[in-house]
Amino acid sequence: MKKIARFFIIVIISAFLALEAQTKKDYPLQPVPFTRVAVADAFWLPRIETNRTVTIPFILKKNEETGRIDNFAIAGGLMQGKYRGERYNDTDVYKWIEGASYSLQVHPDPELDKYLDGVIAKIAAAQEPDGYLFTARTTDPAHPQPGIGPERWVEENVSHELYNAGHLYEAAVAHFQATGKRALLDVAIKNADLVASVFGPDKRHGFPGHQEIELALVKLYRVAGNEKYLNLAKYFLDQRGHDVKLTQYPPGNRFAIYNDAEQIQAHKPIFEQDEAVGHAVRAAYMFTGMADVAALTGDLKYFDAVQRLWENVVNKKMYLTGGIGARHDRERFGTNYELPNLTGYAETCASIGMAFWNYRMFLLTGEAKYLDVMERVIYNGVISGVSLEGQAFFYANPLESDGKFKFNEGQLGRAPYFGTACCPGNISRFIPSVPGYVYAVKDDALYVNLFVGNTARIALKSQAVNIKQETRYPWDGAVKITVEPEKAGEFSINVRIPGWAQNRPVPGDLYKYIDRSAEKTVLKVNGSPAALNMDKGFARIRRNWKKGDTIDLVLPMPVRRAVAQAMVKDDTGKVALERGPLVYCAEWLDNGGEVLNLVLADDAQLKPEFQADMLKGIVVLKGKALAVTKNADGSIADKKEQDFLAIPYYAWAHRGPGEMAVWLIRN
Ligand SMILES: [Zn+2]
């Protein structure tokens, strides 16, 4: 009898928990995971393959060569030696694990799987008995590495202990999802439990000097289901700007850059911040975490705050490429409209952060304007960060080069790796996740966010739908979508009509096109013209779908000329070229050895032309420009018309150093 009673109690509790789980707050729109989207196109598939076959093994080799993996073995007592490198080097291994795990999910590889197990065993060995994991300290606690402080977390504004933990959690979640193995997840949970036992409203007060753990705790919460991780993410955000204790380093010390609360976005509580300041990558990760906490707690004040910051970034602090962070100096945002081209920083990691952040803003609101920003940064400011061959990287992504200024961490061109190697690892984990940005769902509405050739199986509320996209995007704006619902039924397919196809390069007024394109977007359903029922930037098609139905979208891709708003002094009198989602640039060797002397007339005809054998296949823009030579006193000595050729911005710096410009002198 007792047994039966207990059984019923368990059933009732389970039902309650199931109901509770259903009512848990989350993003109103849900992403379709990259594992459901099989990419089959000429643009993204080679990139994902290059990342898998070249970049990921290459970064592993670099992590091995530079002692980044040995640091774990030393901390774990598995080998003798001294810690090598910067205090945040653990994260380069974590990001590599994350990228390798994503790759494994769509491309099983027993050798890689086994190798990962070996690295994870070293990480587990490096974890201290109470869960602490930070090899920069554990390798030799009596002689701490520069910047980490004599004890745990006493210099968190500089030490990156919590930043490292964040990348550990992201790697652990990815590895668990890829393999079902708990080894790294258990390490992450043990560490998060320690951090949660140390920090909190009634415990030690503090927050990370380098944000990242917030969004990572949200991922861990999703997988492990323990609400304390979400609460800790919220706590770290809430705590910024309160009880701020900054270690004051003497002038000239390399860590003196952290004497400044603005650098780490701790100058004000987050709800009072309305201008993006300080280190751009930290800011972008923080904004991403704010969107997560808004969605998962349902507390809209986080959304209001992050929306204000978004308005500031998109209207005043974003490069045409979607990049952010104008200054090399401390990797910071500049003042409003400070967007220098030659010395622009636009770190690859910050661009990736922009993609993370803008996608979450879209999932919160269903507004395509965030996807316009996301698409812009992915196709320009993110993929510029890795060479076409997959083993040379940009840390900074300026919009101009004079062929002399060594913008890339002291180098003029792309570099194989860096002492601080955040960007390569970030690229290696971002590229395989790109298919996860293509679709989203809300109840029985399917959102087509990006145009990428693929087949996908997508679960709507009412049924599963197989969908296929065929396209040569970004070279061509024609997209054919074939719909295969399991059974005929009514649901919506919302197809994004990009801002650039509606004469609006960006959501705000920072950039605009000087010409208006008369060419109209065409949408057809089963071959018949369909009205563009626009809703939040999407053409909404609601109908009774049956197997084999088709949507044909044609986004005209004329060459567009963009100008910046007058407050951007560095772009005054200049024009930039775009076609579709791509920003173009002129590079020296296509234009007679120089480009900073070129003047482009507003009415100069520019013709797009596909060049299959150039830079792995690109559409170039061809026309005429004026080349100006000047006298020593700056007066014009000579003007002559010459052939002009522009290439997609992402493809520059593959053919030796020299001049490059996105913004060209306008006439
Ligand atoms: Zn970076």
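Look up a bit, the structure's there.
Described in the following lines is the structure provided in the data block.

1. A word on the pairing of strand 8 (residues 478-485)
- Judged from the 7 bridges that link them, strand 7 (residues 464-471) and strand 8 form a sheet pairing that is antiparallel. Bridging across to strand 8, Asn466 finds its partner in Glu484.
- The loop that links strand 7 with its antiparallel partner strand 8 comprises 6 residues.
- Two elements, strand 8 and strand 15 (residues 549-554), share 6 bridges in a ladder whose sense is antiparallel. Across the sheet, Val479 pairs through a bridge with Leu553, a residue of strand 15.

2. Details of the layout of surface pockets
- In this model, the largest pocket occupies a volume close to 940 Å³.
- Taken together, 30 residues form the lining of the largest pocket, with Pro31, Pro33, Gln177, Lys219 and Arg360 sitting closest to its centre.
- Of all the secondary-structure elements, those providing two or more residues to the lining of the largest pocket are strand 1 (30-31), helix 4 (90-106), helix 8 (161-179), helix 10 (213-224), helix 14 (348-365) and helix 16 (422-430).
- Considering each element in turn, the lining of the largest pocket owes the most residues, 5 residues, to helix 10.
- Partitioning the lining of the largest pocket into residue classes produces 16 nonpolar, 6 polar and 8 charged.

3. Let's talk about the coordination of the zinc ion
- Note on the zinc ion: its protein donors are Glu347 (OE), Cys349 (SG), Cys422 (SG) and Cys423 (SG). The metal-donor distances range over 2.1 to 2.3 Å.
- Every donor counted, the 4 donor atoms about the zinc ion form angles of 98 to 117 degrees at the centre, which fits tetrahedral coordination.
- Read N to C, the donor residues that coordinate the zinc ion are spaced as E-x1-C-x72-C-C. With Cys349 in helix 14 and Cys422 in helix 16, the pair connects residues that are 73 residues apart, well separated along the chain.
- Residue Cys349 is classed as buried on the basis of its relative accessible area of 1%.

4. Structural notes on the pattern of salt bridges
- For the structure shown, the criterion picks out 43 salt bridges.
- Among the salt bridges present, the one from Lys219 reaches Glu98, with a minimum N-O distance of 3.9 Å. Here Glu98 lies in helix 4 and Lys219 lies in helix 10, a separation of 121 residues in the sequence.
- Of the charged contacts in the structure, one is a salt bridge between Asp299 and Lys301, with a shortest N-O distance of 3.0 Å.
- Via salt bridges that share partners, Asp260, Glu262, Asp329, Arg330 and Arg332 belong to a single interconnected network.

5. What to know about the nonpolar core
- Counting 230 residues, the largest nonpolar core has Trp44, Ile123 and Tyr169 as its most contacted members.
- When residues of this core are assigned to their parent elements, the largest contribution, 13 residues, is made by helix 12 (residues 280-297).
- Filtering out sequence-adjacent residues up to four positions away, Ile123 remains in contact with Phe72, Val93, Tyr94, Ile97, Leu133, Leu168, Leu184 and Val187.

6. Looking at the side chain of Ser159
- Mapped onto the elements of the fold, Ser159 is located in helix 7 (residues 156-159).
- On the accessibility criterion, Ser159 (0% relative accessible area) is buried.
- Polar contacts involving the side chain of Ser159 include one to the side chain of Glu156, which spans 3.1 Å.
- Those residues within four positions of Ser159 in sequence are excluded, and the remaining contacts are Arg87, Phe134, Gly147 and Ile148.

7. Some thoughts on helix 11 (residues 227-239)
- Between its first and last C-alpha atoms helix 11 spans 18 Å; for 13 residues at 1.5 Å apiece the expected length is 18 Å, and the two agree.
- Among the residues making up helix 11, those that are buried are Tyr229, Leu230, Leu232, Ala233, Tyr235, Phe236, Leu237 and Gln239.
- Each element contacted by the buried residues of helix 11 is listed here: helix 8, helix 9 (183-198), helix 10, helix 12 and helix 13 (300-316).
- Of the residues that open helix 11, the one with a side-chain oxygen 3.0 Å from the backbone nitrogen of Lys228 is Asn226.
- Count one or two residues on from helix 11 and you reach Gly241, which has phi positive near 85 degrees.

8. With respect to the packing of aromatic side chains
- In total, this model carries 37 aromatic pairs according to the counting rule given.
- Considering the side-chain rings of Tyr235 and Phe236, the 5.8 Å spacing of their centres and the 55 degrees angle between planes classify their relative orientation as tilted. For the residue pair Tyr235 and Phe236, the accessibility class agrees, reading buried in each case.
- Taken together, the ring pairs in this structure connect Phe43, Trp44, Tyr379, Phe451, Tyr473, Trp475, Trp500, Phe610 and Tyr650 into an aromatic cluster.
- The lysine or arginine in question, Arg152, covers the ring of Tyr132, its NZ or CZ lying 4.0 Å from the ring centre.
- One cation-aromatic arrangement involves Arg472 over Phe610; the distance from NZ or CZ to the ring centre is 5.1 Å.

9. Description of the sheet that holds strand 2 (residues 37-39)
- Strand order in the open sheet formed by 7 strands is 2-6-7-8-15-11-12, with antiparallel pairing between adjacent strands. Looking at the sheet topology across the chains shown, the edges are occupied by strand 2 and strand 12 (528-529).
- The pairing of strand 6 (residues 454-459) with strand 7 spans 6 bridges and is classified as antiparallel. Its bridge partner lying in strand 7, Arg457 is registered against Asn466.

10. Focus: the sheet that holds strand 4 (residues 439-442)
- One open sheet holds the 6 strands; their spatial order is 1-4-5-9-14-13, and the pairing between them is mixed. In this open sheet, the two edge strands, each paired with only one partner strand, are strand 1 and strand 13 (534-535).
- Direction of pairing for strand 13 relative to strand 14 (residues 538-545): antiparallel, over a ladder of 2 bridges. Paired with Met534 across the bridge in strand 14 is Ala539.
- Of the strands in this sheet, strand 9 (489-496) and strand 14 are in contact with helix 15 (residues 368-382), which crosses strand 9 at around 50 degrees.

Quick notes on the rules
- Residues numbered from 1 in each chain as written.
- Predicted model: local features only at pLDDT ≥ 70, side-chain atom pairs only at ≥ 80, totals over all residues.
- Heavy atoms only, no water.
- Pairing = 2+ DSSP bridges.
- Helix = DSSP H or I, 4+ residues; strand = E, 2+ residues; numbered from the N terminus.
- 1 Å grid on protein atoms, 1.4 Å probe; cavity = no way out; pocket = protein on both sides within 12 Å on 5 of 7 lines; lining within 4 Å.
- Points joined across faces, edges and corners; volume = space filled by probe spheres on them.
- Nonpolar A, V, L, I, M, F, W, Y, C, P; charged D, E, K, R; others polar.
- Donors = N, O, S within 2.8 Å, 3.2 Å for Na, K, Ca; no water.
- Tetrahedral: all angles 85-135°; square planar, octahedral: opposite > 155°, others 65-115°.
- Buried < 20%, exposed > 50% of the residue type's maximum accessible area, 1.4 Å probe, protein only.
- Salt bridge = Lys/Arg side-chain N within 4 Å of Asp/Glu carboxyl O.
- Core = buried A, V, L, I, M, F, W, Y, C linked by side-chain atoms within 4.5 Å.
- Contact = heavy atoms within 4.5 Å.
- Polar contact = N/O pair within 3.5 Å; in protein donor to acceptor, adjacent residues only side chain to side chain.
- Expected span 1.5 Å × (residues − 1).
- Phe/Tyr/Trp six-rings, centres within 6.5 Å; stacked < 30°, edge-to-face > 60°.
- Lys NZ or Arg CZ within 6 Å of the ring centre and 35° of its normal.
- Axes fitted to C-alpha atoms, helices over the stretch in contact; angles between N-to-C directions.

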